[in-house]
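Results of the structural survey
Each chain, written out:
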Amino acid sequence: MKLRGLYAITDSQLLAGKFLSYVEAALEGGVTLLQYRDKSNDEARRLREAEALRNLCDRYKTQLIINDDAELAARLNVGVHLGQTDGPLSPTRALLGSKAIIGSTCHAQIELAEQATKEGASYVAFGRFFNSSTKPGAPTCSLDLLDQARKQLHLPICAIGGITLDNAAPLVAHGVDLLAVVHGLFGAESTAEVTRRARAFNELLKI
Ligand SMILES: Cc1ncc(COP(=O)(O)OP(=O)(O)O)c(N)n1
Ligand SMILES: Cc1nc(C(=O)O)sc1CCOP(=O)(O)O
Ligand SMILES: [Mg+2]
C-alpha cells in the first residue's frame, strides 16, 4: 500500500463533544492514515475511543495509528507512531509484525530518519514546519531539509506542524507524501467543513 495522502490526527480537547462525528467527516473526505493522539493517562477511555476509531476506520478502509502506545496498538492490531522518547523501534516492529505501519518522529534530523529506516520504520515524520497551536514548542524544520530527505531517503515522508490548506502546497512541492494535520483539519465550524478540508488536502496531493 502506497502511503500518500492526508494524515488526520485527533486532539482530545479540540474534538471534545464531537469526536466521532468530526472524525467520520474527515474519513468521508478521504484519509490515508488516522492517528489517535490522546496524551491523557485514562486507559479505559483510551481503549474505548481507540476501539471506536478502529471500527470507523474499518468501515472507511483507513489505517488507524496509535500515538505513543505500542501495547495498545498491538492489542487492536493497528499501527503506531513513536517519538524519540516513546521507546525503541526495533522491538516494536517485532511486537507488531512486518505488515504494521510504524511511524517515527525525526524532527529536523536526517540522521534520525536514517536510523529509523534501519530499524524498520514505515514512514518518517519531520516538523514542525509552521506555528502550531497544538504543539507550540515542537522544534522547527525547514523546506531545505525536505529536499535533502527526498534525495537521501527511500521511505514515505510525512510533514507535521501548523499545516493548513493555505500553507501545504510548498511541502508537497518539496516531496512530502503525507500531510499530518490536527487544527488545520479539525479546527472547523462544522462536519461539512471538515469534509471539504479533507477533500482539498487530498487534491493538493492529487491522489
Ligand atoms: C505524524 C506524526 N509526526 C510527529 C508526531 C510527534 O510525535 P512525538 O514527538 O512523540 O510527540 P507527541 O505527538 O507524542 O506529543 C506525531 N505524533 N505524529
Ligand atoms: C503532534 C505534533 N508533533 C509535531 C512535531 O513537530 O513533531 S507538531 C504537532 C502538532 C500538530 O498539530 P497541528 O496540525 O494542529 O499543528
Ligand atoms: Mg510521542
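Residues numbered from 1 in each chain as written. Chains lettered and ligands numbered in written order. Predicted model: local features only at pLDDT ≥ 70, side-chain atom pairs only at ≥ 80, totals over all residues. Heavy atoms only, no water.

Here is the rule: UniProt positions are given in the numbering used here, feature names are shortened, and annotations may be inferred rather than shown by experiment.
With an unreviewed UniProt entry as reference, the protein is termed Thiamine-phosphate synthase, source organism Pseudomonas fluorescens. Recorded under Sequence similarities (unreviewed entry), the UniProt text for the protein is reproduced unchanged: "Belongs to the thiamine-phosphate synthase family."

1. Let's talk about helix α4 (residues 89–96)
What counts, and what does not: Between buried and exposed lies partly exposed: a residue is buried under 20% and exposed over 50% of the maximum accessible area for its type, with that area taken using a 1.4 Å probe on protein chains only. Helix numbers and strand numbers start at the N terminus; a helix is a DSSP run of H or I with at least 4 residues, a strand a run of E with at least 2. Note: the arc covers the axis-to-C-beta directions of the helix. Residue contacts follow a heavy-atom distance rule, with two residues in contact if any of their heavy atoms lie within 4.5 Å.
When we look at burial in α4, the residues that qualify are Leu89, Thr92, Arg93 and Leu96. Looking straight down α4, one finds its buried side chains confined to an arc of 105°; they lie on one side. Looking at the packing, one finds that the buried side of α4 touches α3 (70–76), β4 (79–82), β5 (102–105) and α5 (110–118). Following α4 by one or two positions, Gly97 has its phi on the positive side, about 95°.

2. What about the coordination of the magnesium ion (ligand 3)?
The line we're drawing: The donor definition counts N, O and S atoms within 2.8 Å of each metal and applies 3.2 Å to Na, K and Ca; water is not among these atoms, so some sites may look incomplete.
Coordination sphere of the magnesium ion (ligand 3), protein contribution only: Asp68 (OD) and Asp86 (OD), at 2.0 to 2.1 Å. Of this pair, Asp68 sits in the loop between β3 (63–67) and α3 while Asp86 sits in the loop between β4 and α4, and the two are 18 residues apart along the sequence. Judged by its relative accessible area of 23%, Asp68 falls in the partly exposed class.

3. Remarks on the side chain of Ser104
On the secondary structure map, Ser104 appears in strand β5. Excluding its chain neighbours within four sequence positions, the residues that come into contact with Ser104 are His81, Leu82, Gln84, Leu89, Ala116, Ala121, Tyr123, Val124 and Ala125.

4. Let's talk about helix α2 (residues 43–60)
Applied cut-off: Working rule for helices: expected span equals 1.5 Å times residues minus one.
The terminal C-alpha atoms of α2, which comprises 18 residues, lie 25 Å apart, in line with the 26 Å expected from a rise of 1.5 Å per residue. Turning to α2, its buried residues number three or more, namely Arg46, Leu47, Glu49, Ala50, Leu53, Leu56 and Cys57. Buried residues in α2 make contact with α1 (19–29), β2 (33–36), β3 and α3. Backbone geometry just after α2 places Lys61 at a positive phi near 55°.

5. Observations regarding the packing of aromatic side chains
Rules: Aromatic rings from Phe, Tyr and Trp, taking only the six-membered ring of Trp, are treated as a pair when their centres fall within 6.5 Å; an angle between ring planes under 30 degrees marks them as stacked, one over 60 as edge-to-face, and anything in between as tilted.
Counted according to the given criterion, the structure contains two aromatic pairs. The interplanar angle of 90° and the centroid separation of 5.6 Å between the aromatic rings of Tyr7 and Tyr123 together place this pair among those described as edge-to-face. With Tyr7 in strand β1 (residues 5–9) and Tyr123 in strand β6 (residues 123–127), this residue pair connects regions lying 116 residues apart in the sequence. In this pair, the class of Tyr7 matches that of Tyr123, namely buried. When the centroid spacing of 6.2 Å and the interplanar angle of 75° are considered together, the rings of Phe19 and Tyr36 count as edge-to-face. Separated by 17 residues along the polypeptide, Phe19 in helix α1 and Tyr36 in strand β2 bring together distant segments of the chain. Under the relative-accessibility criterion, Phe19 is labelled buried at 13%.

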